Amino acid sequence: MDIRFKALCVHLLTATGAVLSMLALLAAADQKWSLMFLWLVVAFFVDGIDGPLARRYNVKTNSPLYDGELMDLIVDYLTYVFIPAFALFKSGLLPGWPGWLAIIAITYGSVVYFSDTRMKTKDKSFSGFPGAWNMLVLVMFALSPQPSTILVIVVALTVAMFMPLKFIHPVRTKRWRVVSLPVALAWTFFAGWAAWVNFDPASWAHWGLVMTSIYLLFVGIIQQIIPERS
């Protein structure tokens, strides 16, 4: 198969995220939250594999008519930010003025962050919380914490988007990737399972979500604290 066709197929794979986001939004409009998150988990998986494929087939050279990075950012804003914010607001997890504050902080802060040319560090991690609201909101649906707790977390992570804190990319950050990548895959599995069982509070997947989320949230900061051996 011609490498140019393979590179084009990678772009087409990335573009499926737009379809998945629409399916998620339609489910959210009907308040079918489990179905919405299942579509978002599929989109999360696609987002995890299209990058390595893009680098493998060198899409910038072999399919230059389409900007894969721009396409990826558009899809990411829909699936990582816009739809999760909508779900957080409409689900009743964060009612009243805290809900309004949260969706304004999430959507406004994220669009500024996504356009920041300094968002990537030298080791391919993120400088500041990378706007992974899809992961946070899914965990909130699973655990159903108090609204005040959700608001504090949302505000803290919005502030963290613009602080010099490191957050890993499980695929591209080489340091500890042998652990980080399996943890990210485990998170995807736990997230899919939790959504599949309609966020049953008795599901063991919730504990897996908590543990893997804590690792992915703080491992980059730990790497900042512990210097890498030369």
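Preceding block: the structure.
Per chain, residues are indexed from 1 in the order of the written sequence. This being a predicted model, a pLDDT of at least 70 is required before a residue's local features are given, and a value of 80 or more before pairs of side-chain atoms are given or counted; all residues contribute to the totals for chains, interfaces and linings. Side-chain figures throughout are based on the complete set of non-hydrogen atoms in the structure, without hydrogens or water.

Chemist: Help me understand a nonpolar patch on the surface, please; the structure alone is not making it clear to me.
Modeler: Surface patches are defined over residues having more than 30% relative accessible area and no salt bridge, joining like charges when they lie within 9 Å and nonpolar side chains (Val, Leu, Ile, Met, Phe, Trp, Tyr) when within 5 Å. For the area figures, the Shrake-Rupley method with a 1.4 Å probe applies, and any residue is considered shielded solely by the protein chains shown. Salt bridge, as used here: a side-chain nitrogen of Lys or Arg that lies within 4 Å of a carboxyl oxygen of Asp or Glu. A surface patch of nonpolar side chains, about 650 Å² in accessible area, is lined by W100, I104, Y108, V111, V112 and F162. Within the secondary structure, V112 is located in helix 5 (residues 97-114). Categorising residues by exposure relies on relative accessible area from a 1.4 Å probe, with only protein chains included: less than 20% of the type maximum marks a residue as buried, more than 50% marks it as exposed, and the intermediate range marks it as partly exposed. With relative accessibility at 37%, the residue V112 sits in the partly exposed group. Under the DSSP-based scheme used, a helix requires at least four consecutive residues in state H or I and a strand at least two consecutive residues in state E, with every element numbered from the N terminus.

Chemist: Looking at this structure, how should I read unusual backbone geometry?
Modeler: When glycine is set aside, most residues are seen to have a negative phi, and most peptide bonds are trans. Although it is not a glycine, Q31 sits at a positive phi angle of roughly 55°. Relative to the helices and strands, Q31 resides in the loop between helix 1 (3-29) and helix 2 (33-56). Phi at W176 is positive, roughly 65°, even though this residue is not glycine. Considering the arrangement of structural elements, one finds W176 in the loop between strand 2 (166-167) and helix 8 (177-196).

Chemist: What is the right way to read helix 7 (residues 147-160) from this model?
Modeler: Residues spaced three or four apart along an α-helix point in a common direction, a consequence of the helix completing one turn every 3.6 residues. To estimate the expected span of a helix, count its residues, drop one, and scale the result by 1.5 Å. Counted at 1.5 Å a residue, the expected span for helix 7 with its 14 residues is 20 Å, and the 20 Å between its end C-alpha atoms agrees. Where helix 7 is concerned, the buried positions are I150, L151, V154, L157, T158 and A160. In the core, the buried residues of helix 7 are packed alongside helix 4 (68-90), helix 5, helix 6 (133-143), strand 2 and helix 9 (205-225). Throughout, a residue-residue contact means that at least one pair of heavy atoms, one from each residue, lies within 4.5 Å.

Chemist: I tried to follow the nonpolar core on my own but got confused; where do I start?
Modeler: As a rule of thumb, nonpolar side chains are buried together in soluble globular proteins. Grouping buried Ala, Val, Leu, Ile, Met, Phe, Trp, Tyr and Cys residues that are joined through side-chain atoms within 4.5 Å yields what is termed a nonpolar core. Residues M36, F37, L88, W133 and W187 are the most contacted members of the largest nonpolar core, which totals 57 residues. Those elements that place two or more of their residues in this core are helix 1, helix 2, helix 4, helix 5, helix 6, helix 7, helix 8 and helix 9. Every residue in contact with F37, bar those within four places of it in the chain, is listed here: N134, V137, L138, F141, A195 and F199. The next biggest cluster of nonpolar side chains, apart from the first, holds five residues, and it includes A7, V10, A54 and Y57.

Chemist: Explain the pattern of salt bridges here, please?
Modeler: Side chains that differ in charge, positive against negative, can pair when their charged atoms come close. Enumeration over the complete set of coordinates arrives at four salt bridges. For the salt bridge of K60 with E69, the shortest nitrogen-to-oxygen distance reads 3.1 Å. Taken as a pair, K60 and E69 share a single burial class, namely exposed. Of the charged contacts, one joins D116 and R118 as a salt bridge, the two residues approaching to 3.0 Å between their closest N and O atoms.

Chemist: Teacher, can you tell me more about helix 6 here?
Modeler: Summarising burial for helix 6: ten of the eleven residues are buried, a large majority. Within helix 6 the residues assigned to the buried category are W133, N134, M135, L136, V137, L138, V139, M140, F141 and A142. Of the surrounding secondary structure, the elements contacted by the buried residues of helix 6 are helix 2, helix 4, helix 5, helix 7, helix 8 and helix 9.

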